[in-house]
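# Observations on the three-dimensional arrangement
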Amino acid sequence: LLIKKNTFQKYIYQNEESNLRDSSLTRNEVLNSYVQLNMKHIVVSTTGVTSRELLSLRKENQQESNKDFLTVGGMGHASQIALGIAMNKPNTKVVCIDGDGSLLMHMGSLASIVDSGCKNYIYFLLNNFVHDSVGGQPIGAKYIDFSKIAESCGFKKLYKIETKNDLINLKEILKNDGPVFVEFIIKPGFPKDLIRPEKTPIENKKLLMNFLSNCN
């Protein structure tokens with residue numbers, strides 16, 4: 001179904017229990033903290049506003065985005081795209097930037113990541129308990145502790161970041177051998193004037209492939 005923008009009025013969710021866990025940390029602060037490090041990583045980001053914010057921050061910081069794969073329209077698949085790359089480029093760290101709704105769709109991916117034994121895999125979970133890109137609806141998993149699930153799957157290094165001050169530790173966290181699981185508790189919302197990718201998914205894929213050809 002193709003529906004013209006602004007066809008529907010804004011819907012305000014009525015369930016007061018939908019936001020049981022609160023946070024002052026924003027997605028933009030998390031991504032900006034990572035981008036500022038300017039690490040030589042391969043990055044695979046989930047669909048929606050996460051990829052758009054990452055792209056925007058790369059431009060603001062005058063960084064190339066050819067080492068990022070934006071998983072446009074592929075909700076739930078970023079983690080396994082990242083895993084395939086990590087398995088084939090064992091000497092370069094691969095960072096998957098995923099969302100809570102995306103992880104919920106394919107939670108078995110956590111077991112696959114650990115089972116691979118990849119030491120170069122870093123999993124970022126941006127958890128705001130809602131489907132932020134499509135209206136802010138609760139994901140229906142407010143009682144789930146994703147970090148405990150990751151731990152039970154076999155992740156040896158796990159971190160939970162809930163405040164801006166905690167982001168100071170990000171550089172040290174990234175030095176660990178993987179697979180590493182980092183959960184960021186963030187609040188819903190994003191800038192309303194976010195840019196969209198100028199390149200098509202195929203163009204993005206080709207640029208990443210060229211970048212990968214120079215990685216080990």
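Below, the structure is looked at part by part. (Residues numbered from 1 in each chain as written. Predicted model: local features only at pLDDT ≥ 70, side-chain atom pairs only at ≥ 80, totals over all residues. Heavy atoms only, no water.)

### Quick notes on the overall build of the protein chain
Secondary structure summary: the protein chain contains eight helices and eight strands in total. The C-alpha radius of gyration computed for the protein chain amounts to 17 Å, which stays within 12% of the reference 17 Å derived for 216 residues, consistent with globular compactness. Dimensions of the protein chain, computed from the C-alpha atoms along their principal axes, are close to 50 × 40 × 35 Å. Expressed as a percentage of the 216 residues in the protein chain, the buried residues total 44%. In the protein chain, the share of contacts with a sequence separation of at least 24, taken over all contacts with a separation of at least 6, comes to 78%. (Helix = DSSP H or I, 4+ residues; strand = E, 2+ residues; numbered from the N terminus. Rg over C-alpha atoms; globule rule 2.2 N^0.38 Å. Buried < 20%, exposed > 50% of the residue type's maximum accessible area, 1.4 Å probe, protein only. Contact = heavy atoms within 4.5 Å.)

### Considerations on a nonpolar patch on the surface
Side chains of Leu-1, Ile-3 and Phe-8 sit close together on the surface and give an oily, nonpolar patch of about 450 Å² of accessible area. Along the chain, the position of Phe-8 falls in the segment before α1 (27-37). (Patch = residues over 30% accessible without salt bridge, like charges linked within 9 Å, V, L, I, M, F, W, Y side chains within 5 Å. Areas by Shrake-Rupley, 256 points an atom, 1.4 Å probe, with all protein chains shown as cover. Salt bridge = Lys/Arg side-chain N within 4 Å of Asp/Glu carboxyl O.)

### Structural notes on unusual backbone geometry
In this model, Gly-178 is joined to Pro-179 through a cis peptide bond whose omega is 0°. Within the secondary structure, Pro-179 sits in the loop between α7 (170-173) and β8 (180-185). Positive phi, normally seen in glycine, also occurs at Asn-38, with a value near 50°. Looking at the element boundaries, Asn-38 is found in the loop between α1 and β1 (42-45). Phi at Gln-62 is positive, roughly 55°, even though this residue is not glycine. Note on placement: Gln-62 falls in the loop between α2 (49-60) and β2 (68-70).

### Overview of the pattern of salt bridges
Under the counting rule described, the total for this entry stands at seven salt bridges. Lys-59 serves as the salt-bridge partner of Glu-198, at 2.7 Å between the closest nitrogen and oxygen. Residue Glu-198 is found in the loop between β8 and α8 (201-212), and its partner Lys-59 is found in helix α2; the two are separated by 139 residues along the sequence. Judged by its relative accessible area of 64%, Glu-198 is exposed. One connected set of salt bridges, linked through shared partners, spans Asp-145, Lys-160 and Glu-183.

### Notes on the packing of aromatic side chains
Per the counting criterion, the structure on display carries four aromatic pairs. Ring geometry for Tyr-34 versus Phe-124: centroids 5.7 Å apart, planes at 90°, classification edge-to-face. Residue Tyr-34 is located in helix α1, and its partner Phe-124 is located in strand β4 (residues 121-127); the two are separated by 90 residues in the primary sequence. Note on accessibility: Tyr-34 and Phe-124 belong to one class, buried. Ring centres 5.4 Å apart and planes at 5° place the aromatic pair Tyr-123 and Phe-181 in the stacked group. On the criterion of sequence distance, the pair formed by Tyr-123 in strand β4 and Phe-181 in strand β8 is long-range, its members being 58 residues apart. As far as the burial class goes, Tyr-123 and Phe-181 line up, both buried. Counting every residue linked through ring pairs, the aromatic cluster contains Tyr-34, Phe-124 and Phe-184. (Phe/Tyr/Trp six-rings, centres within 6.5 Å; stacked < 30°, edge-to-face > 60°.)

### Digging into the nonpolar core
Within the largest apolar cluster, 27 residues are counted, with the highest numbers of intra-cluster contacts made by Ile-42, Ile-85, Leu-110, Tyr-121, Tyr-123, Phe-155 and Phe-181. Secondary structure elements with two or more residues in this core: β1, α3 (78-88), β3 (94-99), α5 (109-116), β4, α6 (146-153) and α8. With five residues, the single largest contributor to this core is α3. When sequence neighbours within four positions are dropped, the list of residues in contact with Phe-155 reads Leu-110, Ile-113, Val-114, Ala-150, Pro-179, Val-180 and Phe-181. Grouped together as the second largest cluster of nonpolar side chains are 24 residues, Val-30, Val-95, Ile-97 and Val-182 included. (Core = buried A, V, L, I, M, F, W, Y, C linked by side-chain atoms within 4.5 Å.)

### Structural notes on the environment of Leu-25
Along the polypeptide, Leu-25 turns up in the segment before α1. Exposure remark for Leu-25: the relative accessible area of 0% places this residue in the buried category. Considering only alpha carbons, one finds Leu-25 and Thr-163, 138 residues apart in sequence, at a separation of 5.5 Å. Setting aside anything within four residues of it in sequence, one finds Leu-25 in contact with Val-30, Ile-161, Glu-162, Thr-163, Lys-164, Leu-167, Ile-185, Ile-186 and Lys-187.

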